[in-house]
Amino acid sequence: MNKKKRYVFRFRRKVDRRYKDRLFRYVFSDKKDLLDLYNAVNDTAYENPEELEINTLEDVIYLSMKNDLSFIIGSSMNLYEHQSTWNPNMPLRGLFYFAELYQDYVDRYGYRLTGSVGIPLPTPSYLVFYNGLEQEAERTELYLSKSFEAQTPGGAPCLECRATVLNINSGHSKELMGKCRRLWEYAEFIQEIRQNLKKGFSLEEAVDRSIRLCVEHGILADILSRNPTEVQRMLLREYDEKAEREYLRKEAIEMGLKEGREKGLQEGLERGLERGLEQGLEQGHKEGLEQGLEQGLEQGLKQGEWLKLIQLTLRKLQKGKTPKIIAEELEEEGDLIDKICRAAGDCKEAPDCARIYRQIEKDLNEIKK
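Residues numbered from 1 in each chain as written. Predicted model: local features only at pLDDT ≥ 70, side-chain atom pairs only at ≥ 80, totals over all residues. Heavy atoms only, no water.

## Considerations on the packing of aromatic side chains
Next, step 1: Overall, the coordinates contain twelve aromatic pairs when judged by the stated rule.
Next, step 2: Arranged with centres 5.5 Å apart and planes meeting at 35 degrees, the rings of Phe-24 and Phe-129 form a pair that is tilted. You can see Phe-24 sitting in helix α1 (residues 23-27) and its partner Phe-129 sitting in strand β5 (residues 123-130), a full 105 residues away along the chain. Phe-129 carries the same exposure label as Phe-24, and that label is buried.
Next, step 3: Judged by centre distance (5.1 Å) and plane angle (55 degrees), the rings of Tyr-105 and Tyr-109 are tilted.
Next, step 4: Ring pairing ties together the aromatic residues Phe-24, Phe-28, Tyr-38, Tyr-46, Phe-71, Tyr-80, Phe-129 and Tyr-186, which thus form one cluster. (Phe/Tyr/Trp six-rings, centres within 6.5 Å; stacked < 30°, edge-to-face > 60°. Helix = DSSP H or I, 4+ residues; strand = E, 2+ residues; numbered from the N terminus. Buried < 20%, exposed > 50% of the residue type's maximum accessible area, 1.4 Å probe, protein only.)

## Here's the deal with the pairing of strand β4 (residues 76-83)
Next, step 1: Here β4 lies mainly inside the structure; eight of its eight residues are buried.
Next, step 2: Where burial is concerned, the two faces of β4 agree: the one with Ser-76, Asn-78, Tyr-80 and His-82 and the one with Met-77, Leu-79, Glu-81 and Gln-83 are both buried.
Next, step 3: What joins β4 to β5 is helix α3 (residues 90-108), and the crossover it makes is right-handed. (Right-handed = clockwise from strand over helix to strand, strands pointing away.)

## Things to note about the nonpolar core
Next, step 1: Leu-23, Phe-28, Leu-183, Phe-189 and Val-231 are the most contacted members of the largest nonpolar core, which has 39 residues in total.
Next, step 2: Here the element with the most residues in this core is helix α5 (residues 181-198); it accounts for seven residues.
Next, step 3: Ignoring anything within four residues of it in the chain, the contact list for Leu-183 reads Phe-24, Phe-28, Leu-37, Ile-168, Leu-176 and Met-177.
Next, step 4: Judged by nonpolar contacts, the second largest core, of 19 residues, contains Ile-72, Val-106, Val-128 and Leu-142. (Core = buried A, V, L, I, M, F, W, Y, C linked by side-chain atoms within 4.5 Å. Contact = heavy atoms within 4.5 Å.)

## Details of the environment of Gln-195
Next, step 1: Structurally, Gln-195 can be placed in helix α5.
Next, step 2: Here the alpha-carbon distance between Gln-195 and Ser-210, two residues 15 residues apart in the chain, equals 9.1 Å.

## Regarding the pattern of salt bridges
Next, step 1: Per the stated rule, a full pass over the model turns up twelve salt bridges.
Next, step 2: The residue Lys-32 makes a salt bridge to Asp-36 at a minimum N-O spacing of 3.2 Å. Of this pair, Lys-32 and Asp-36 both sit in helix α2 (residues 31-42), four residues apart, roughly one helical turn.
Next, step 3: A salt bridge links Arg-182 to Glu-185; its shortest N-O distance comes to 3.2 Å. You can see Arg-182 and its partner Glu-185 sitting in helix α5, three residues apart, about one turn around the helix.
Next, step 4: Several salt bridges converge on common partners, so that one network encompasses Asp-33, Arg-181, Arg-182, Glu-185 and Asp-222. (Salt bridge = Lys/Arg side-chain N within 4 Å of Asp/Glu carboxyl O.)

## A look at unusual backbone geometry
Next, step 1: For Ser-173, which is not glycine, the phi dihedral falls at a positive 45 degrees.
Next, step 2: In this structure, Ser-173 sits in the loop between β7 (162-167) and α4 (174-179).
Next, step 3: Backbone geometry places Leu-220, a non-glycine residue, at a positive phi of 55 degrees.
Next, step 4: On the basis of relative accessible area, Leu-220 is assigned to the buried category, the value being 1%.

## Some details on helix α10 (residues 323-330)
Next, step 1: What α10 keeps buried is the set Ile-326, Ala-327 and Leu-330. Each buried residue of α10 lies within a common arc of 100 degrees when the element is viewed along its axis, so the set occupies one face. Opposite the buried face of α10, by more than 90 degrees, sit the exposed residues Lys-324 and Glu-328.
Next, step 2: Immediately downstream of α10, the backbone of Glu-331 shows phi near 55 degrees, a positive value. (Arc of directions from axis to C-beta.)

Right, dumping it as structure tokens:
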């Protein structure tokens, strides 16, 4: 298929003709900003925004889907959607979108489904830019197949659609924000509105203050200064103030609970360590004393048995009996009696039981083992 490189962008609208684009689509309605976003997401370097052909599709009935961007660059078909609430059904929505997009693609280029040659199709890519209130990961993959009630007996289902959700709340996806200034500005503007709501301002006041502050600091300054009233209308129409304030209330409660838990845990640990140390010392002293008495008694009894054996051996030795006979009479091992007799013979003075025991204590214990 030798065709000129295509850059086709489409914006979908709700059936209601009076509906006006919400802020995210409005921010990226300029060709240059849209191309910058694409380059940031895909790590590409397209430069000429004039090569983009933007088409707006009217009267498309699709599940109240708003502020979607669909476009073709080279051999890829891209679908971008912004979401301020977490929606696990995005893959199904994407499936409906792509069905319409591919139908339009086939019709526009004159392909026939009944032809004998396969139709070359651009590869689909589906991104969802999420900036809702729930805490979500930087990047999440959602699959249509996860919604199927039962697994296909023969393996994977014949239909699949993957939606990659990128968290674009302020402070998230920093690498992506660093590549696309306009996306960062959008995230900071929304964050400023939320901060003003936290301070107790009404939604109208929060938006108005945020617009003025961001213009002063060069955040979406060209858009906000050019059409402040239009931006405010879009935000007031799409923003759920009640849900936002309820979230902030729950967030404050959760922060208070977290702080209370941490403080209670720290105090509990300190008290527990102190009490545990006291009990440990007391219990350790008691157990140590009992163990020491038990071991001392056991060792004393054992030592007494050795001294008794040495004493009997010496008496028989003094009567002129040989080590062999002594061992038989005392019913002890011959090596043991031999050691006692040799130790007694080595004594220059009169043999002493305690001295002999100290001299051969190690040998006696090894023999008894």
